[in-house]
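# Breakdown of the fold
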Amino acid sequence: MNVKLILSLMFGLSVIGQASAQDDLLKQLDTVKPKEKQVEIAAFKGLQICNMQSTKLAAKGEWYVLISHRFGDLTEGLDNFFGLDDAYTKIGAIYGITNGLSVGLSRQTNNKIYELTAKYRIKSQEENGFPVTVVGYNTMDINTNLSTDIYPNLEFNNRLAYTTQLLVSRKFSDRFSAEIAPVFIHKNLYDPTTERDNQFVIGTGGRYKLTKRLSVNLEYAARIDAPENDVYHDLLSVGLDIETGGHIFQLVFSNCQTMNDVYVFSNATGKWNGGSIYFGFNLYRVF
Amino acid sequence: MEKIKIFLIVLCSILVVSCESNTYSEVSGQTSNPTYEANIKPIITSNCTSCHYGTNQFPNLETYSGVRSACLVNNLVCRIEGEDCGIRMPQGGKLPQPNIDLIKLWVSNGFVEK
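## Quick word on the overall build of chain B
Counting its secondary structure elements, chain B contains 6 helices and 1 strand. Listing every helix and strand of chain B by position from the N terminus yields α-β-α-α-α-α-α. Across the 114 residues in chain B, those meeting the buried criterion constitute 25%. Counted over contacts in chain B with a minimum sequence separation of 6, partners at least 24 positions apart contribute 49%.

Shown next, in the form of structure tokens:
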């Protein structure tokens, strides 16, 4: 009899205890959650806006394989089948070491350039908190097309060129995000008739979401105090992001055919008003 | 994480500031009598023949006679200098000025082969 009573009392107590423990956990959840500032996610769907980098990074342990094409001059029409005869290709990979740091390596046709990249998040945009996402981005180009047959005094460091970029983006609404990016370019080999060894550029970009899987992107980069010539122009591109499961497919129309950041920001050869325009795409596959 | 970030930033800034720049003319060899074999062929090979080979893209620039005839008949010099005769070649960017000057010198010297 006594045993039964004790057992039922214990059972009753334990039930009450469990219930109150559950209440405590729920309370904890309720109280902890609002204290944390929620990070705004996905200002941009793709790692790039068109040619410029967006503030999106690869997540930890993620591999991105990147294939980009830029076809030849679109304005030549059927002569080169709207540029499809003269394609440049960039192929590369990006790996997320942590959620806030990723590194990449790619190689492109023009000048057989290898590009090493590092992208690191400095600060994230928060709901009712910090207003922007700040990301650092560095690239180093190795031009393997330069030959000592043409340039007998060439040294290895002459093959290198760098960009240092500070990408600052804000997601204004679910549909609209914008970015501004001061960029510093340094070239170890340059042609003083058309370019500078140190060039400062202000890049701007934005995306507007049309549907859940579709967004339109625009970017413009102004070179500050660039040498006057009719060879190189400020970058202007318009693009369309199409997201399919696991792929991000970006269609790009740009006045720059080359795909390494040094050339994108300082050596765009085309011109929107009466010059060359290039069509191409970026394809990202996540593993 | 924080250390990696700082290390990367420092490394990148060192790389950016520690390398002195040269112009293309500083690293180019100087010659008053350029020949096809020694001077022109390397420029054409690294800038033109990735497209202008075989029958892929007219004109073929793989041989001495091909390059010579492109200069005489197909405005090669005009195409690399500016946009008066069609879009500038090569695609992707202007040849460095010393290379253009060397090709022009070679043309005015009468296409010396060797």
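Back to the text.
## Section: the overall build of chain A
Per the secondary structure count, chain A includes 2 helices and 13 strands. Looking at chain A residue by residue over its 287 residues, the buried ones come to 41%.

## Notes on the interface of chain B and chain A
The interface of chain B with chain A comprises 29 residues on the first partner and 43 residues on the second. Broken down by secondary-structure element, the contributors of at least two residues to the side of chain B that touches chain A are helix H1 (2–18), strand S1 (22–23), helix H2 (24–27), helix H3 (36–47) and helix H6 (97–108) of chain B. When the residues that make up the side of chain B that touches chain A are grouped by side-chain class, the tally is 15 nonpolar, 11 polar and 3 charged. In terms of strand pairing, strand S8 (residues 189–190) of chain A meets S1 of chain B through 2 bridges, oriented parallel. By the bridge assignment, Leu189 of chain A is partnered in S1 of chain B with Asn22 of chain B.

## Remarks on the nonpolar core
In this structure, Tyr64, Leu235, Cys256, Val264 and Phe265 of chain A are the most contacted members of the largest nonpolar core, which totals 40 residues. When residues in this core are grouped by element, the largest group, 4 residues, is from helix H2 (residues 261–266) of chain A. With near-sequence residues (within four places) excluded, Leu235 of chain A lies in contact with Asn51, Glu219, Tyr220, Ala221, Asn255, Cys256, Val264, Phe265 and Ala268 of chain A. Residues Leu146 and Leu154 of chain A together with Cys48 and Leu61 of chain B belong to the second largest nonpolar core, which totals 17 residues.

## As for the confidence of the model for chain B
Looking at chain B, the pLDDT average stands at 86 and 84% of residues meet or exceed 70. Model confidence for the complex is summarised by a pTM of 0.83, with the ipTM given as 0.83.

## Comments concerning the pairing of strand S5 (residues 133–143) of chain A
All names here are of chain A. Pairing analysis gives 10 bridges linking strand S4 (residues 113–123) to S5, with the strands arranged antiparallel. If you follow Glu115 over to S5, its bridge partner there is Asp141. In the sheet, S5 pairs with strand S6 (residues 160–171) via 10 bridges, with the strands oriented antiparallel. When the sheet's bridge partners are listed, Thr133 is paired in S6 with Ser169.

## A closer look at unusual backbone geometry
Looking along the chain, the bond that leaves Phe58 of chain B and enters Pro59 of chain B is cis, with omega of -5 degrees. Inspection of the secondary structure assignment puts Pro59 of chain B in the loop between H3 and helix H4 (64–73). Omega for the bond connecting Met89 of chain B with Pro90 of chain B falls within 30 degrees of zero, at -5 degrees, which places this linkage in the cis form. For Pro90 of chain B, the location among the structural elements is in the loop between helix H5 (76–81) and H6. Backbone geometry places Asn111 of chain A, a non-glycine residue, at a positive phi of 60 degrees. Note on placement: Asn111 of chain A falls in the loop between strand S3 (101–108) and S4.

## Observations regarding the sheet that holds S4 of chain A
Read around the barrel, 12 strands follow the order S1-S2-S3-S4-S5-S6-S7-S9-S10-S11-S12-S13 (chain A) and close on themselves; strand pairing throughout is antiparallel. Between one strand and the next, the sheet's axes are offset by a mean angle of 20 degrees, whatever the strand orientation.

## A closer look at the environment of Asn39 of chain B
With respect to the element layout, Asn39 of chain B can be found in helix H3. Along the primary structure Asn39 of chain B and Asn99 of chain B are separated by 60 residues, whereas in three dimensions their C-alpha atoms are 9.2 Å apart.

## Observations regarding the packing of H3 of chain B against H6 of chain B
Residue and element names in this part refer to chain B. Where H3 contacts H6, the two axes come as close as 10 Å, and the packing angle between them is 130 degrees. By the angle class used here, H3 and H6 are oblique. For the pair H3 and H6, the crossing hand works out as left-handed. Judged by residue contacts, Asn39, Ile40 and Ile43 of H3 engage Asn99, Leu102, Ile103 and Trp106 from H6. Looking at side-chain class alone, the contact of H3 with H6 contains 5 nonpolar, 2 polar and no charged residues.

## Examining the environment of Val27 of chain B
With respect to the helices and strands, Val27 of chain B occurs in helix H2. You can call Val27 of chain B partly exposed: it has 19 C-beta atoms within 10 Å. Not counting chain neighbours up to four residues away, the residues in contact with Val27 of chain B comprise Tyr151, Asn153, Leu154, Asn158 and Leu189 of chain A together with Asn22 of chain B.

## Regarding the pairing of strand S10 (residues 214–224) of chain A
Residues and elements named next belong to chain A. What you see with S10 is a clean split: Ser215, Asn217, Glu219, Ala221 and Arg223 sit on the buried side and Leu214, Val216, Leu218, Tyr220, Ala222 and Ile224 on the side with no burial. What sits between the antiparallel neighbours strand S9 (residues 198–211) and S10 is a turn of 2 residues. As judged from the 8 bridges shared by S10 and strand S11 (residues 235–244), these two strands associate in the antiparallel manner. Directly across from Tyr220, in S11, lies its bridge partner Leu236.

## Considering H6 of chain B
All names here are of chain B. Across its 12 residues, H6 extends 16 Å between first and last C-alpha, which sits within 8% of the 16 Å expected from 1.5 Å per residue. Three or more residues of H6 are buried, namely Pro98, Asn99, Leu102, Ile103 and Trp106. Buried residues of H6, viewed axially, fall in a sector of 135 degrees; they line one side. On its buried face, H6 sits against H2, H3 and H5. Taken from the residues just after H6, Gly110 is the one with a positive phi, measuring 95 degrees.

What counts and what doesn't
- Residues numbered from 1 in each chain as written.
- Chains lettered and ligands numbered in written order.
- Predicted model: local features only at pLDDT ≥ 70, side-chain atom pairs only at ≥ 80, totals over all residues.
- Helix = DSSP H or I, 4+ residues; strand = E, 2+ residues; numbered from the N terminus.
- Buried ≥ 20, exposed ≤ 12 C-beta atoms within 10 Å, placed from the backbone.
- Contact = placed C-beta atoms within 7 Å.
- Nonpolar A, V, L, I, M, F, W, Y, C, P; charged D, E, K, R; others polar.
- Pairing = 2+ DSSP bridges.
- Core = buried A, V, L, I, M, F, W, Y, C linked by C-beta atoms within 7 Å.
- pLDDT = per-residue confidence, 0-100.
- Axes fitted to C-alpha atoms, helices over the stretch in contact; angles between N-to-C directions.
- Parallel < 35°, antiparallel > 145°, perpendicular 65-115°, else oblique.
- Left-handed = near helix turned anticlockwise from the far one by under 90°.
- Expected span 1.5 Å × (residues − 1).
- Arc of directions from axis to C-beta.

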